[in-house]
Amino acid sequence: MAAQSMEELVALCKRRGFIFQASDIYGGLQGVYDYGPLGVELKNNLKAAWWRAMVYERDDVEGLDAAILTNRAVLKYSGHENTFSDPLVDCRNCKSRWRADHLQDSKCPSCGSTDLTEPRAFNLMFKTHIGPVEDEESIAYLRPETAQSTFVNFKNVLDSTSRRLPFGIAQIGKAFRNEITCRNFIFRVRELEQMELEYFVEPGSDEEWHSRWIEMRLDWWVRQGLSENNLKLEQHAKEALSHYSKATTDIMYRFPHGLEELEGIANRTDFDLGSHTRNQQDYDIQANVIENRESNSKLAIQDLATKQWIVPFVIEPAAGVDRGVLALMTEAYRIEELENGSKRTVLGLAPHLAPIKVAVLSLRRNVPEMVEKAKEIKRTLQSLGLGRILFEDTGNIGKGYRRHDEVGTPICVTVDFQTIQEDDTVTIRDRDSMTQERLPAAELSEYVRTYFRTG
Ligand code: ATP
């Protein structure tokens, strides 16, 4: 059974070093979190799994890692300066601030008052200044989505790779949103990370590609370990669509606080490439030189047969890394009652996502031969390149197993007296079944390799 309350997860994250409140010793910074020793591994594993599926396992996608600081013009022509806002209301009674579309029965969630101001648009972008002078000319933004930096690189990628339609550009990176209220742990944060694919297609084939990507993305989340019962597709109503979207379907996940968006898959049409290209007076997409415009690039592709220029349509599967981490932890967390009446907490993460792949434990502390053997096994397994292998010499094996259950380590290997004095075999203990088996140390690498290939 998945985690029932956010408190359980928050406590585990802090206790075991997954996620901490940012700037904690100074009272924190609202809506900003740091990933600790295990959190960074889980997050990296999730991002690596996405990159594998989106870039390496496909033949039609290129990668990109663009800058966070963004020229103001990019976000002017993308529509974000005018429209990237949420409706803000103030409670006149307790002075708290809320997103109008998140209120229930038009009541202040804090004090219950209905004495609220009219909603006004609050732009979510973080503004900064480039250089020493803080004036209108020096304004820049921290990007609110990775997507725009992908669009403005469209021609660079196209010219350097000679891609034809359909093809995609994948990017993982930080984005910043000055959310009105941040609640529910890492579900809604001000500094977030996104995994976004911009998939460029021929106009007219966009609806079919949209459906395909919805299916592929849902299937991918199931392969990461999310149960189909906790996932749901939800189509946006026409009036709720973002300014750039013709149709959007969200992949919703049953988080501890309710069913909410994990990933959005939008049909962005030719809105973005088009508006970065059309920001000039004499717009003619077929002309080779476009005069009088702020951007110096035509974000279009030429049809080889007809020589006509096409502004591609874009299908965008956009997932949040932080929400992904929260969903995976929610799904994986379980408390089991054991036969002897005790309980154990298990984080049943899929092996490829587990922060620690194998823990190599020495049965006793301060037995040099045993420690040396365990370290040697750690080095051998580490060289397989599967991720983090941990050596531990804490001496209490029972406690060690429980601790590793709680952080999701799929396999523990224990080195004991039999290993060093008798037959060079070790104990392998499985997280989920708790079974233990003995195996010659020389066969460990093959065992672990096979486990992570099929596990
Ligand atoms: P919401 O409606 O929840 O504010 P959104 O529809 O504005 O989200 P998108 O602009 O579609 O979100 O962003 C793509 C993905 O980025 C979302 O599906 C989500 O996983 C993630 N994301 C967006 N905003 C946040 C945030 N403030 N904190 C964490 N993740 C976020």
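Quantities reported herein were computed from a predicted structural model and do not represent experimental measurements. (Residues numbered from 1 in each chain as written. Predicted model: local features only at pLDDT ≥ 70, side-chain atom pairs only at ≥ 80, totals over all residues. Heavy atoms only, no water.)

Caption draft 1: Seen up close, the packing of aromatic side chains. Tallying each qualifying case throughout the model produces twelve aromatic pairs. Chaining the aromatic ring pairs together yields one cluster made of Phe-151, Phe-154, Phe-167 and Phe-200. We note Lys-298 situated over the ring of Trp-309; from NZ or CZ to the ring centre the distance is 3.9 Å. Sitting above the plane of the Phe-187 ring, Arg-323 keeps its charged end 3.8 Å from the centroid. (Phe/Tyr/Trp six-rings, centres within 6.5 Å; stacked < 30°, edge-to-face > 60°. Lys NZ or Arg CZ within 6 Å of the ring centre and 35° of its normal.)

Caption draft 2: Just the domain arrangement of the protein, in detail. Taken as a whole, the protein is organised into domain 1 (6-68 + 145-270 + 312-329) and domain 2 (356-454). Computed from C-alpha coordinates alone, the two centres of domain 1 and domain 2 are separated by 35 Å. Between domain 1 and domain 2, the contact holds seven residues from the first and six residues from the second. When the buried surface of domain 1 facing domain 2 is broken down by residue, Arg-16, Leu-38 and Glu-41 rank first, second and third, together holding 61% of it. Our enumeration of links across domain 1 and domain 2 arrives at two salt bridges. (Domains from an automatic or database assignment. Contact = heavy atoms within 4.5 Å. Buried area = accessible area lost by both parts, 1.4 Å probe. Salt bridge = Lys/Arg side-chain N within 4 Å of Asp/Glu carboxyl O.)

Caption draft 3: Region of interest: the packing of helix H2 (residues 37-56) against helix H7 (residues 206-223). Two numbers describe how H2 lies on H7: the axes approach to 12 Å, and their chain directions differ by 140°. The pairing of H2 with H7 is recorded here as oblique in orientation. Along this stretch, H2 crosses H7, giving a crossing that reads as right-handed. Residues Leu-46, Ala-49, Trp-50, Ala-53 and Met-54 of H2 pack against Trp-213, Arg-217, Trp-220 and Trp-221 of H7. Among the residues forming the contact of H2 with H7, the class breakdown is eight nonpolar, no polar and one charged. (Axes fitted to C-alpha atoms, helices over the stretch in contact; angles between N-to-C directions. Helix = DSSP H or I, 4+ residues; strand = E, 2+ residues; numbered from the N terminus. Parallel < 35°, antiparallel > 145°, perpendicular 65-115°, else oblique. Left-handed = near helix turned anticlockwise from the far one by under 90°. Nonpolar A, V, L, I, M, F, W, Y, C, P; charged D, E, K, R; others polar.)

Caption draft 4: Structural context of the site of the ligand. Within the structure, the ligand sits among 16 residues, and Glu-179, Arg-188, Val-189, Glu-261 and Leu-262 are positioned closest to it. Backbone polar atom of Phe-187 to a nitrogen atom of the ligand: 3.3 Å apart, as the coordinates give it. Within the contact set of the ligand, an oxygen atom lies 2.8 Å away from a backbone nitrogen or oxygen of Leu-262. Starting from 590 Å² of accessible surface for the ligand in isolation, the protein chains cover 85%. Listing elements by their share of the shell around the ligand, those giving two or more residues are strand E11 (191-201), strand E14 (258-269) and strand E17 (313-320). By residue number, the principal contributor to the shell around the ligand is E14, which donates four residues. (Near = heavy atom within 4 Å. Polar contact = N/O pair within 3.5 Å; in protein donor to acceptor, adjacent residues only side chain to side chain. Areas by Shrake-Rupley, 256 points an atom, 1.4 Å probe, with all protein chains shown as cover.)

Caption draft 5: Fine view of the nonpolar core. In this structure, Phe-18, Leu-46, Trp-221 and Met-329 are the most contacted members of the largest nonpolar core, which totals 59 residues. Take this core: its biggest share by element is eight residues, from H2. For this core, the domains that each give at least three residues are domain 1 (6-68 + 145-270 + 312-329) and domain 2 (356-454). For Leu-46, the contacting residues outside a window of four places in its chain are Met-195, Trp-220, Trp-221, Val-321, Gly-324, Val-325, Leu-328 and Leu-353. Val-360, Ile-411, Val-415 and Leu-439 belong to the second-largest nonpolar core, a separate cluster that totals 19 residues. (Core = buried A, V, L, I, M, F, W, Y, C linked by side-chain atoms within 4.5 Å. Buried < 20%, exposed > 50% of the residue type's maximum accessible area, 1.4 Å probe, protein only.)

Caption draft 6: Just the packing of helix H1 (residues 6-15) against helix H9 (residues 321-332), in detail. Between H1 and H9, whose axes approach to 11 Å, the crossing angle comes to 105°. Overall, the two elements H1 and H9 adopt an arrangement that is roughly perpendicular. Contacts between H1 and H9 involve Met-6, Leu-9, Leu-12 and Cys-13 on the former and, on the latter, Leu-326, Met-329 and Thr-330. Looking at side-chain class alone, the contact of H1 with H9 contains six nonpolar, one polar and no charged residues.

Caption draft 7: Representation of the pattern of salt bridges. Across all of its chains, the model carries 42 salt bridges by this definition. A salt bridge links Asp-206 to Lys-246; the nearest nitrogen and oxygen atoms lie 2.8 Å apart. In this pair, Asp-206 sits in helix H7 while Lys-246 sits in the loop between strand E12 (231-235) and strand E13 (247-255), placing the two residues 40 residues apart along the sequence. A relative accessible area of 2% places Asp-206 in the buried class. As a salt-bridge pair, Lys-246 and Glu-207 come within 3.0 Å of each other at their nearest N and O atoms.

Caption draft 8: Seen up close, the pairing of strand E21 (residues 388-392). Where strand E20 (residues 356-362) meets E21, five bridges bridge the pair, whose relative direction is parallel. Residue pairing across strands places Val-360 opposite Phe-391, the latter belonging to E21. Considered for its hand, the β-α-β crossover made up of E20, helix H10 (residues 368-382) and E21 is right-handed. (Pairing = 2+ DSSP bridges. Right-handed = clockwise from strand over helix to strand, strands pointing away.)

Caption draft 9: Local environment of the sheet that holds strand E8 (residues 126-129). Taken together, the three strands give an open sheet; going across it, the order is E4-E9-E8, and neighbouring strands pair in antiparallel fashion. A single partner strand is all that each edge strand has here, and the edge strands are strand E4 (69-71) and E8. Averaged over neighbouring strand pairs, the angle between their axes works out to 45° when direction is ignored. Here E8 runs beside strand E9 (residues 139-142); their pairing, made up of four bridges, is antiparallel. In the strand pairing of E9, Phe-126 is matched with Leu-142.

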